[in-house]
Amino acid sequence: MDIYLQTLGNFLAYFVASVGLSAVFLGLYTWITPYREAALIHAGNRAAAISMTGAGIGFVIPLASTIAHSLNLVDMLVWGVVAMIVQLAIYALARITQPQLATAITEDRVSVAIVLAGVSLGVGVLNAACMTF
């Protein structure tokens, strides 16, 4: 039985670290958006839910790649932060190139949210592929 639990400590360390990084990412993402996702989602705003979910998954995909390819926990944390910066930068770029984005999300324009989520997911996949060093 001991042989099966030898790596449980590593699993727990990586899992806790990745959940922590995900929480930090979502906190930063909701901080840089000009609208309050939680309130919008609670009120039934589908666009806010779609865009936030896309950003979250767009971050978790490269984070999973860093877990799978990292040399150790510190390496995973460093590359996890890189993934976070890339995903936040993509949102900032979207805001710069599409100034009506914030209004569209608060007005529950689902089509805009789907495009934003798609961009977040696409960049997340590319980000993950680039991290398969």
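This text goes with the structure placed above it.
Quick caveat: nothing in here was measured; it's all calculated off a predicted structure.

Procedures and definitions
Starting from 1, residues in each chain are numbered consecutively following that chain's sequence as written. With the structure being a predicted model, the display of local features is reserved for residues of pLDDT at least 70 and the display and counting of side-chain atom pairs for 80 or more, all residues being used for whole-chain, interface and lining totals. Excluded from the side-chain calculation are hydrogens and water; included are all heavy atoms of the structure. Helix and strand assignments come from DSSP, with helices taken as H or I runs of at least 4 residues and strands as E runs of at least 2, each series counted from the N terminus. Buried residues are those whose accessible area, probed at 1.4 Å on protein chains only, stays under 20% of the maximum for their type, while exposed residues exceed 50% and partly exposed ones sit between those limits. Here, residues are in contact when the closest pair of their heavy atoms is within 4.5 Å. Each accessible area is a Shrake-Rupley estimate made with a 1.4 Å probe; only the visible protein chains count as cover when residues are assessed. The charge count treats Lys and Arg as positive and Asp and Glu as negative. His and the chain ends do not count. Charged side chains are reduced to one point each, which is NZ for Lys, CZ for Arg, CG for Asp and CD for Glu. Polar contacts, as used here, are pairs of N or O atoms within 3.5 Å; protein pairs need one atom able to donate a hydrogen and one able to accept it. Residues neighboring in sequence count only if both atoms are side-chain atoms.

### Topic: the overall build of the protein chain
Each helix and strand counted, the protein chain has seven helices and zero strands in total. Put simply, the protein chain runs from its N terminus to its C terminus through helices and strands in the order α-α-α-α-α-α-α. Considered along the principal axes of its C-alpha atoms, the protein chain spans approximately 55 × 30 × 20 Å. Looking at the protein chain as a whole, 38% of its 133 residues qualify as buried. Nonlocal contacts in the protein chain, meaning residues at least 24 apart in sequence, comprise 77% of its contacts between residues at least 6 apart. Counting only carbon and sulfur atoms, one obtains 73% of the accessible surface of the protein chain, whose full area is about 7400 Å². Here the protein chain contributes 4 positively and 5 negatively charged side chains, and the mean placements of these two sets differ by 17 Å.

### As for the side chain of Gln-87
Structurally, Gln-87 is set in helix H5 (residues 73–97). Relative accessible area serves as the criterion here: at 2%, Gln-87 is assigned to the buried category. At a separation of 3.4 Å, a polar atom in the side chain of Gln-87 contacts the main-chain carbonyl oxygen of Ser-120. Excluding residues within four positions of it along the chain, Gln-87 makes contact with Phe-25, Ala-55, Gly-58, Phe-59, Ser-120 and Gly-124.

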